[in-house]
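Read off the chains here:
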Amino acid sequence: MKKSLFVLGVAVAALASCTQNEVLEVAENRAIGFDAFVNNQTKAVSEVTSETIGTDFYVFGNYETENSWTGQAFNNEISTAEYYWKTGQTYRFGAYKDGDEKNGAVTFDAATQTLTFPNYTPKDEKDLIAAVTGDVTGTNAVGLTFNHLLSQVKLTFKTDAAAVYNMTISNVKINGALSQSTATYNGTVTWNPSVATTGTTNGGYSYDGLTNSGVISAEVISEQSKLVIPQSGTDALTVTFTAKISGEANGTAEFTADLSHSISSLDANTWTNGYRYNYIANVELSKVIENPEGKVQITFIPTVEEWEDASTGEDLTVSESVGE
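Draft legend 1. Up close: the overall build of the protein chain. Along the backbone of the protein chain there are one helix and 23 strands. For the protein chain, the proportion of contacts with a sequence separation of at least 24, taken over those separated by at least 6, is 72%. Accessible surface for the protein chain amounts to roughly 15,300 Å². Of this, 45% is attributable to carbon and sulfur atoms.

Draft legend 2. Main features of the pairing of strand E17 (residues 238-247). Here strand E10 (residues 165-175) runs beside E17; their pairing, made up of nine bridges, is antiparallel. Residue Lys 173 lies in a different strand from E17, and its bridge partner there is Thr 240. Strand direction decides the pairing type here: E17 and strand E18 (residues 251-258), joined by eight bridges, are antiparallel. When the sheet's bridge partners are listed, Val 239 is paired in E18 with Ala 257.

Draft legend 3. Representation of the pattern of salt bridges within the structure. Inspection of the entire model under this criterion finds six salt bridges. Notably, a salt bridge pairs Arg 92 with Asp 135, separated by 2.6 Å at the nearest N-O pair. Here Asp 135 lies in the loop between strand E7 (128-132) and strand E8 (147-148) and Arg 92 lies in strand E4 (residues 91-98), a separation of 43 residues in the sequence. Asp 124 is the salt-bridge partner of Lys 226, the closest N and O atoms lying 3.1 Å from each other. Within this pair, whereas Lys 226 is found in strand E15 (residues 222-228), its partner Asp 124 is found in the loop between strand E6 (114-120) and E7, the two being separated by 102 residues in sequence. An identical accessibility class is assigned to Lys 226 and Asp 124; each is buried. Through salt bridges with shared partners, a single network forms among Asp 56, Lys 97 and Asp 100.

Draft legend 4. The arrangement of unusual backbone geometry in detail. Looking along the chain, the bond that leaves Asn 192 and enters Pro 193 is cis, with omega of 5°. By secondary structure assignment, the location of Pro 193 is in the loop between strand E12 (189-192) and strand E13 (205-206). Residue Asn 171 is not a glycine yet carries a positive backbone phi of 55°. Secondary-structure assignment places Asn 171 in strand E10. You can call Asn 171 partly exposed: its relative accessible area is 46%.

Draft legend 5. Structural context of the sheet that holds strand E3 (residues 68-78). Spatially, five strands are ordered E3-E2-E4-E7-E8 in an open sheet, and the strand pairing comes out antiparallel. The open sheet has two free edges, formed respectively by E3 and E8, since each of these has just one partner strand. Where E7 lies against E8, two bridges are found, and the strand directions are antiparallel. Within the sheet, the bridge partner assigned to Ile 129 lies in E8 and is His 148.

Draft legend 6. Quick look at the sheet that holds E6. Ordered by their spatial adjacency, four strands build an open sheet running E5-E6-E11-E12, and the pairing between neighbours is antiparallel. If you trace the sheet from one side to the other, it starts and ends with strand E5 (107-109) and E12, each paired once. Neighbour-to-neighbour, the strand axes of this sheet turn through a mean angle of 20°, independent of strand direction. Alignment of strand E11 (residues 181-185) against E12, held across four bridges, turns out to be antiparallel.

Conventions we followed
Position numbers for residues count from 1 along each chain, tracking the sequence in the order it is written. At least 70 in pLDDT is required for a residue's local features to be given in this predicted model, at least 80 for side-chain atom pairs to be given and counted, and no such filter applies to totals for whole chains, interfaces and linings, which use all residues. As a convention, hydrogens and water are excluded, and side-chain values are obtained from all of the structure's heavy atoms. Under the DSSP-based scheme used, a helix requires at least four consecutive residues in state H or I and a strand at least two consecutive residues in state E, with every element numbered from the N terminus. Note on definitions: a residue-residue contact is assigned when non-hydrogen atoms from the two residues lie within 4.5 Å. Reported accessibility uses the Shrake-Rupley method at a 1.4 Å probe radius. Residues are deemed covered only where the shown protein chains occlude them. Two strands form a pair only when DSSP identifies at least two bridges running between them. Think of a salt bridge as a Lys or Arg side-chain nitrogen and an Asp or Glu carboxyl oxygen that are within 4 Å of each other. Buried residues are those whose accessible area, probed at 1.4 Å on protein chains only, stays under 20% of the maximum for their type, while exposed residues exceed 50% and partly exposed ones sit between those limits. Angles shown run from 0 to 180 degrees and are taken between the N-to-C directions of axes, each axis being a line fitted to C-alpha atoms and, for helices, limited to the stretch in contact.

Structure (structure tokens):
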């Protein structure tokens, strides 16, 4: 028997609203209107914006002495540390924000205007941003334009299950993805390695916010975002999860899909820094209850937007047939 799973891609919300939880209204014809959000099942990353950056970012500063950049102002210190301009000197600055913590491993080469973040592992509460300047002289405030160095991958689950069913999504994981890499930033970020291969740190990412408590029901969306290392070769990565139905009928199915994508404005099968990739799946009730083998192949199709871009992205719809 052939089975199909409907997979829908929709535009990602603007940065200003992406961390807000939206609970859809319960249909009026339901006899009992329980809120399906048991605990807060929408786990958002801690994104940094111009309004939230504050003063707790960290700065390196060097000035030129005898044709070298050995003069030191800031040395991986908080931006409110007190230093004073030296008359006639030319400065170069590098700055970053890694959550609210100082990263003692970061270095700055003023000669090449490069920040280095060795062996970096993303954490959802740490939106890594960085900025470097050109030559700066005078006594005016130093302008810093920060860029996001990481990508985001958001998984969203919907179901057509009626009100008499509960569907639990658990054991959600991206398998084989790079989870540690070294970043260099000189206005453009480079990650090395930038593709998961043998010998790289490719432990993947677990969506623990959905495990054991991610209950969804008809028309209610369960979602979570993760900060991830930007990387290519996403078509070789898989996402797996367990869907369990309880209520008037019971069933459990294991789902798997690759994370390939072909967005027209971006490199195919690549997660680019500063972009959020949203993979949305409509997990049909029948694929869980009527699946004797317990395993179902699916395909996610993503949409993507820059975090700071509030414009509408591409909408993609696909209906995939899967084997028995």
